[in-house]
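# Summary of structural features
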Amino acid sequence: MRHTVCFDYTPHLSGARISLRPLRALDFERVHAAASDPLIWSQHPFPLRYRRDVFESGFWTSAINGEGALIITENATGEVIGSSRFYDWNPAAGEVAIGYTFLARRFWGGDTNRELKHLMLRHAFRWARRVWFHVGPDNIRSRKALEKLGATPAHEETVTIDGVPYVHVCYWLDAPP
């Protein structure tokens, strides 16, 4: 049912290639291993996130202390290949955001990212009319992936993440009719 007051931040989602489940504190080593490739973060506003100290103090702390952080595993191997989150649920507007997403490089640009977004969107649209995505302006790879999904760029905002202000581009995608 759409537009209820409560959004389910802790789904277990499964597709043909990947599964998502709520992130737990004991997942740190496996998630960091997936995030430790510098190229994952090269277009990101925080390009040093591959480093353990930067990853743990910023990305991980906010993920484990907030709602909606999910771990992504490859079904065939059980390997942790990334993470994503639901956040900023606004029940009055029927809107939620999906973001803080990263995938191991071998899963870029193909069916895995598409499946990830479809699983998360299908879940989000059970409650939301609109999903927002926030992307660094120089993150061309993520911006192109969102545009392939049909997301529309709306505006830019300055936000503070990990104590640092930066600009991000806001994209939106409406629920199918």
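Look up: the structure comes first, before these words.
Residues numbered from 1 in each chain as written. Predicted model: local features only at pLDDT ≥ 70, side-chain atom pairs only at ≥ 80, totals over all residues. Heavy atoms only, no water.

The next thing to look at is the sheet that holds strand S1 (residues 13-14). Taken together, eight strands build an open sheet; the order of strands is S1-S2-S3-S4-S5-S6-S8-S7 and the sheet is mixed. The two strands at the open ends of the sheet, each matched to only one other strand, are S1 and strand S7 (152-161). Pairing analysis gives five bridges linking strand S2 (residues 18-22) to strand S3 (residues 69-74), with the strands arranged antiparallel. By the bridge assignment for S3, Arg21 is matched with Ile71. (Pairing = 2+ DSSP bridges. Helix = DSSP H or I, 4+ residues; strand = E, 2+ residues; numbered from the N terminus.)

Moving on, we get to the nonpolar core. Phe7, Leu20, Phe86, Met120, Val131 and Phe133 are the most contacted members of the largest nonpolar core, which totals 32 residues. For this core, the secondary structure elements donating two or more residues are S2, S3, strand S4 (80-90), strand S5 (95-103), helix H3 (111-124), strand S6 (130-135) and strand S8 (164-174). Per-element accounting of this core gives the leading share, five residues, to H3. When neighbours within four sequence positions are excluded, Phe86 is seen to be in contact with Phe7, Tyr9, Pro11, Glu67, Gly68, Leu70, Ala97, Ile98, Met120, His123 and Ala124. Within the second largest apolar cluster, 15 residues are counted, among which are Ala34, Ala69, Val80 and Phe102. (Core = buried A, V, L, I, M, F, W, Y, C linked by side-chain atoms within 4.5 Å. Buried < 20%, exposed > 50% of the residue type's maximum accessible area, 1.4 Å probe, protein only. Contact = heavy atoms within 4.5 Å.)

Considering all chains together, one arrives at 10 salt bridges under this definition. For Arg106, the salt bridge identified is with Glu74, shortest N-O distance 3.7 Å. Of this pair, Arg106 sits in the loop between S5 and H3 while Glu74 sits in strand S3; the two residues are 32 residues apart in sequence, bridging distant segments of the chain. Arg130 serves as the salt-bridge partner of Asp174, at 2.6 Å between the closest nitrogen and oxygen. One end of the pair, Asp174, is in strand S8; the other, Arg130, is in strand S6, with 44 residues separating them in the sequence. (Salt bridge = Lys/Arg side-chain N within 4 Å of Asp/Glu carboxyl O.)

Let us look at the environment of Arg129. Relative to the helices and strands, Arg129 is located in the loop between H3 and S6. Polar contacts involving the side chain of Arg129 include one to the main-chain carbonyl oxygen of Ala93, which spans 2.6 Å. (Polar contact = N/O pair within 3.5 Å; in protein donor to acceptor, adjacent residues only side chain to side chain.)

The next point concerns the packing of aromatic side chains. The full count for this structure, using the stated rule, is 14 aromatic pairs. Taking 5.2 Å as the distance between ring centres and 70° as the angle between the ring planes, the aromatic pair formed by Phe7 and Tyr9 counts as edge-to-face. Accessibility expressed as a relative area gives 8% for Phe7, which makes it buried. Relative accessible area serves as the criterion here: at 13%, Tyr9 is assigned to the buried category. Residues Phe55 and Trp60 carry aromatic rings whose centres are separated by 6.5 Å and whose planes lie at 35° to one another, so their mutual orientation is tilted. Comparing Phe55 with Trp60, the two get one shared label, buried. Connected via pairs of aromatic rings, a cluster forms that spans Phe28, Trp41, Phe55, Phe59, Trp60 and Phe102. (Phe/Tyr/Trp six-rings, centres within 6.5 Å; stacked < 30°, edge-to-face > 60°.)

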